[in-house]
Amino acid sequence: MIWAQQIVTYILSFLPITDKKEAALVNRIWYFAARDSLCQDNIVYNIPVSSTSLSAIASLGRSRVCCISLPNLDSSTISRDVIKYVAHYLGPHLQSLSLRGSSLTEASFMTLVFACHCLSSLDLSSCNSLFMSGTLLSKPETMPQAQKALAYLQELNLSGLRYLSDLSFNRLVSCMPHLTKLSLARCHITFEFDPYHGSSHYNSSCILSFRNLQCFLKEQASSLQALDLSGTSITAQAMKSLVQIEKLHLQELVLQNCQDLTNEAVSFLCKHQPSLTLLDISSCSELSDQAVLAVSTSLQALQNLRLGKIHRLTDGAFEHFGQLRSLQNLDISECSLVSGNKLVKAFSHPELQPKLASLSFAFCSLLRDSSVLSLARTLSSSLRVLDLSSCVSLTNMSIQAISSHFTHLMVLRMAWCRELTDWGLLGIEEPQQAPDCGREALEQIPKVLTDSDWQESQKKYRASLQALHYLQELDLMACHKLTDMSITKVICFPELRRLSLSLVHEITDSSLVAIARGCRNLEHLSLSHCGNLTDGGFMEAASYLRRLQRLNISGCNQLTYQTLLAIGKECTQLKNLDVSMCSGIRVADIKLFQAQLPLQTCIQSHFAGGADLFLTL
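The rules we used
Residues numbered from 1 in each chain as written. Predicted model: local features only at pLDDT ≥ 70, side-chain atom pairs only at ≥ 80, totals over all residues. Heavy atoms only, no water. Helix = DSSP H or I, 4+ residues; strand = E, 2+ residues; numbered from the N terminus. Rg over C-alpha atoms; globule rule 2.2 N^0.38 Å. Buried < 20%, exposed > 50% of the residue type's maximum accessible area, 1.4 Å probe, protein only. Contact = heavy atoms within 4.5 Å. Domains from an automatic or database assignment. Buried area = accessible area lost by both parts, 1.4 Å probe. Salt bridge = Lys/Arg side-chain N within 4 Å of Asp/Glu carboxyl O. Polar contact = N/O pair within 3.5 Å; in protein donor to acceptor, adjacent residues only side chain to side chain. Nonpolar A, V, L, I, M, F, W, Y, C, P; charged D, E, K, R; others polar. Phe/Tyr/Trp six-rings, centres within 6.5 Å; stacked < 30°, edge-to-face > 60°. Lys NZ or Arg CZ within 6 Å of the ring centre and 35° of its normal. UniProt positions renumbered as here; feature names shortened; annotations may be inferred. Core = buried A, V, L, I, M, F, W, Y, C linked by side-chain atoms within 4.5 Å. Disulfide = S-S within 2.5 Å. Patch = residues over 30% accessible without salt bridge, like charges linked within 9 Å, V, L, I, M, F, W, Y side chains within 5 Å. Areas by Shrake-Rupley, 256 points an atom, 1.4 Å probe, with all protein chains shown as cover. Axes fitted to C-alpha atoms, helices over the stretch in contact; angles between N-to-C directions. Parallel < 35°, antiparallel > 145°, perpendicular 65-115°, else oblique. Arc of directions from axis to C-beta.

J.: What's the story with the overall build of the protein chain in this structure? I'm lost.
T.: Counting its secondary structure elements, the protein chain contains 25 helices and 22 strands. For the protein chain, whose C-alpha radius of gyration is 28 Å, the value lies close to the compact-globule estimate of 25 Å for 617 residues. Summarising its shape, the C-alpha atoms of the protein chain cover approximately 85 × 65 × 60 Å along the three principal directions. Counting over 617 residues, the protein chain shows a buried share of 52%. Pairs at least 24 residues apart make up 78% of the contacts formed inside the protein chain by residues separated by at least 6 positions.

Structure follows, in structure tokens:
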């Protein structure tokens, strides 16, 4: 029996989470095998605050679940019951605990944490009620218990705390001698004002000061590896002081949306923290090419770089980008002055073998087909995620280059690339018309691709989108020139989990049925404002979409209650359904449908049933 369970556990380890959940329903052996496999993946279980959760918590305790999230705790009786059950059944082996956004009391927090002696990760982000009074861990008798419970904690998230002060911060971190990762994103840290007037006793109950943080970093310098100061007003002088702390060798530094950060500060950072593997300076409005040049010349070990929304960035910033030989993930989204020419040149160096696995050019309107083609040839063996959303100048040449070279691509986003046509997805050269042809000649262009035409086109060199066999996510939202002609032929991916064809107005039931038959592992499907879809299409397609968890059909005005019936009968795993602005679906239909669904299913139905938007407002 034990050997059988171990064999099944090993087999299930190769499956995605949704398949493991399905496998757990087969029999007792498969249930325990699936449970063990999920525990090995460190899956985070989101536990709702409800009386129905109590029995589930006891069951999770028998499964020795080690990662949970309790996001909606408060001072209610049911919240206290949930905390007691978690402390009793899960506390002894809990390793990761998230209380993000909870409004729990100090007593409940201590009851929960004191029962957890193996915690390595604690998320208290936006738990403002916990720090409002300033008395957390103020009683001498509570400190020994807290030090015992938090002795092995390595990751602490305190982001978004309005009432965090030096005193409460010091009490908390004094229980964590081995902290390696700290987040203070969006906390109100004072960088220039010195409330202590030169004194070294940092115990203010009103403010969180940089001087106190600096003192903590000096004490923890040998162990701390990751720091997040996003959304703070950190100054150039403060940055210089931070990165020069003796024995501090950061591997990850997140400075997203730090509006006072300067090029000089980033240059100084790169010089004194050369071991960084992750750097996020996105949305720092004062930065320009100089900062990125400093990064590319000094941070040779860098693997992840996020430069999104740096509006002063130009192609000149990527002059020496070829020196980042370990770079795996690059985000330059919403950099409107970047065309990609210098980046292509840097990656095309004959001695360089790029390892880039993820690249985002989203909203870079200057990106052209020629750059995409060059990148496709250079990064063909390594790239797995490509985001070209809203790169409005891209045409069929880009999608054909992607299909031909990125054969191992897993995520492709080309939303709002409005020049893409059926011919690009099909990998066929678009028919050319003579300059003097009239309207009658234009109307003679075939709008339907026959099977013989499709088979003949496959003999030619150009690859269709169907060549991306490993695709798991595809976003073609608002590519309004696409029609059934291409969608019915190429959207056939056995591994596809997410698909968006919202605002692709020309597709009909033929596309819906073809997608359902060719992509049977779909979990998220967005078809909003596809006005040609009808009940008949969903009644035929629903039986193939049994894994569907999220469906967006908002603005599809031809759909009625019959579509809801088909979805409710076949899509038993559905968690979220959006039927907003569906004039053919009445509010009464939605209420009747919702009464037949599990409690965890969420239905969005704004302005459904033909409701007048202005009247509703």
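J.: Mind showing me how you'd approach the domain arrangement of the protein chain here?
T.: Accessible area lost on assembly of the parts is the figure often given for the size of an interface. By the assigned domains, the protein chain splits into domain 1 (1–41) and domain 2 (483–616). Taken residue by residue, the interface counts 4 residues in domain 1 and 5 residues in domain 2. Roughly 370 Å² of surface becomes buried between domain 1 and domain 2 when both sides are summed, with 31% attributable to carbon and sulfur atoms. By the criterion of area lost to domain 2, the three top residues of domain 1 are Thr18, Asp19 and Glu22, representing 84% of everything that side buries. The tally of links from domain 1 across to domain 2 stands at 0 salt bridges. Remark: the boundary between domain 1 and domain 2 carries 0 residue pairs in polar contact (both at pLDDT 80 or more). Split into classes, the residues belonging to the side of domain 1 that touches domain 2 amount to 1 nonpolar, 1 polar and 2 charged.

J.: Can you walk me through the packing of aromatic side chains in this structure?
T.: Geometrically, a pair of aromatic rings is defined through the distance of the ring centres and the angle of the planes. For the coordinates displayed, the defined rule picks out 5 aromatic pairs. Between the aromatic rings of Phe169 and Phe216, the centroid separation amounts to 5.4 Å while the plane-to-plane angle is 80°, which identifies the pairing as edge-to-face. Highlighted residues: Phe169 in helix H9 (residues 166–173) and Phe216 in helix H10 (residues 210–219), separated in sequence by 47 residues. Look at Phe318 and Phe321: their rings are 5.0 Å apart centre to centre, the planes differ by 75°, and that puts the pair in the edge-to-face class. Of the two residues examined, Phe318 and Phe321, each falls in the buried class. The ring of Phe268 carries the charged tip of Lys240 above its face, separated from the ring centre by 5.5 Å.

J.: Any chance you could explain the UniProt feature "domain: F-box/LRR-repeat protein 15-like leucin rich repeat" (unreviewed entry) in the protein chain here in plain terms?
T.: Here the UniProt feature "domain: F-box/LRR-repeat protein 15-like leucin rich repeat" (unreviewed entry) sits at residues 153–351 and 464–591. Annotation note: span residues 464–591, helix share 30%, strand share 12%, distance between end C-alpha atoms 43 Å.

J.: Is there a simple way to think about the nonpolar core in this case?
T.: Soluble globular proteins tend to pack their nonpolar side chains together in the buried interior. If you look at the biggest cluster of nonpolar residues, it comprises 181 residues, and the most contacted ones within it are Leu158, Leu182, Leu261, Phe321, Phe361 and Leu412. For this core, the leading source of residues is helix H11 (residues 236–243), giving 5 residues. Among all residues touching Leu158, those that are not within four sequence positions of it are Leu124, Ser125, Phe131, Leu164, Phe169, Leu172, Leu182, Ser183, Leu184 and Cys187. With 6 residues, the next largest nonpolar core counts Val8, Ala23, Ala24 and Ala34 among its residues.

J.: Mind showing me how you'd approach the state of the cysteines here?
T.: Cysteine pairs can be covalently joined through their sulfur atoms, and such a bond is termed a disulfide. This model, assessed by the stated rule, comprises 0 disulfides. Unpaired in terms of disulfides, Cys206 finds its nearest cysteine sulfur in Cys187, a separation of 16 Å. Taking the relative accessible area as the measure of exposure, Cys206 reaches 68% and is therefore exposed. In this model Cys364 remains outside any disulfide bridge; the closest cysteine sulfur is found in Cys335, 5.6 Å from its own.

J.: Where do I start with a nonpolar patch on the surface in this structure?
T.: On the surface, Ile7, Tyr10, Ile11 and Phe14 cluster together to form a nonpolar patch covering roughly 480 Å² of accessible area. Its place among the elements puts Tyr10 in helix H1 (residues 2–12). According to the relative accessible area criterion, Tyr10 is exposed, its value standing at 56%.

J.: Help me understand the side chain of Ser500, please; the structure alone is not making it clear to me.
T.: Position of Ser500 relative to the elements: it lies in strand E18 (residues 498–500). According to the relative accessible area criterion, Ser500 is buried, its value standing at 11%. Ser500 has contacts with Leu474, Asp475, Leu476, Met477 and Ser526, leaving out every residue within four places of it along the chain.

J.: Help me understand helix H6 (residues 106–113), please; the structure alone is not making it clear to me.
T.: Every α-helix carries 3.6 residues per turn, so stepping three or four residues along brings you back to the same face. Within H6, 6 of the 8 residues are buried, leaving the element largely enclosed by the surrounding structure. Of the residues making up H6, those classed as buried are Glu106, Ser108, Phe109, Met110, Leu112 and Val113. Residues of H6 that are buried make contact with helix H5 (77–90), strand E3 (96–98), helix H7 (128–131) and helix H8 (142–149).

J.: Help me out: how do you make sense of the pattern of salt bridges in this one?
T.: Any two side chains of opposite charge can pair, given that their charged atoms come close. If you walk through the whole model with that rule in mind, you get 13 salt bridges. Of the charged contacts, one joins Arg413 and Asp387 as a salt bridge, the two residues approaching to 3.7 Å between their closest N and O atoms. Of this pair, Arg413 sits in strand E16 (residues 411–413) while Asp387 sits in strand E15 (residues 385–387), and the two are 26 residues apart along the sequence. Looking at Arg413, the relative accessible area reads 24%, which means it is partly exposed. Of the residues examined, Asp387 reaches a relative accessible area of 12% and is grouped as buried. Ionic pairing is found between Glu523 and Arg497, a salt bridge with its closest N-O pair at 3.6 Å. In this pair, Glu523 is assigned in the loop between helix H21 (509–518) and strand E19 (524–526) and Arg497 in the loop between helix H20 (484–490) and E18, connecting sequence segments 26 residues apart. Arg497 shares its class with Glu523; the two are buried.

J.: Mind showing me how you'd approach the environment of Ala588 here?
T.: Residue position: Ala588 is located in helix H24 (residues 587–595). Classification of Ala588 as exposed rests on a relative accessible area of 51%. Through-space distance from the C-alpha of Ala588 to that of Leu548 is 24 Å; in sequence the pair is 40 residues apart.

J.: Would you mind showing me how to read the packing of H11 against helix H12 (residues 263–272) here?
T.: When two helices pack together, their arrangement is given by the angle between the helix axes and by the axis-to-axis distance. It is the contact of H11 with H12, at a shortest axis distance of 9 Å, that shows an interaxial angle of 5°. Taken together, the axes of H11 and H12 lie roughly parallel to each other. Listed contacts from H12 to Ala236, Met239, Lys240 and Val243 of H11 are Glu264, Ala265, Phe268, Leu269 and His272.

J.: Which parts of the structure should I look at to understand helix H15 (residues 369–378)?
T.: Within the span of H15, buried status applies to Asp369, Ser371, Val372, Leu375 and Ala376. All buried residues of H15 project into a common sector of 160° when viewed along the axis, lining one side. Close packing links the buried residues of H15 with helix H14 (341–347), strand E14 (358–360) and helix H16 (396–405).

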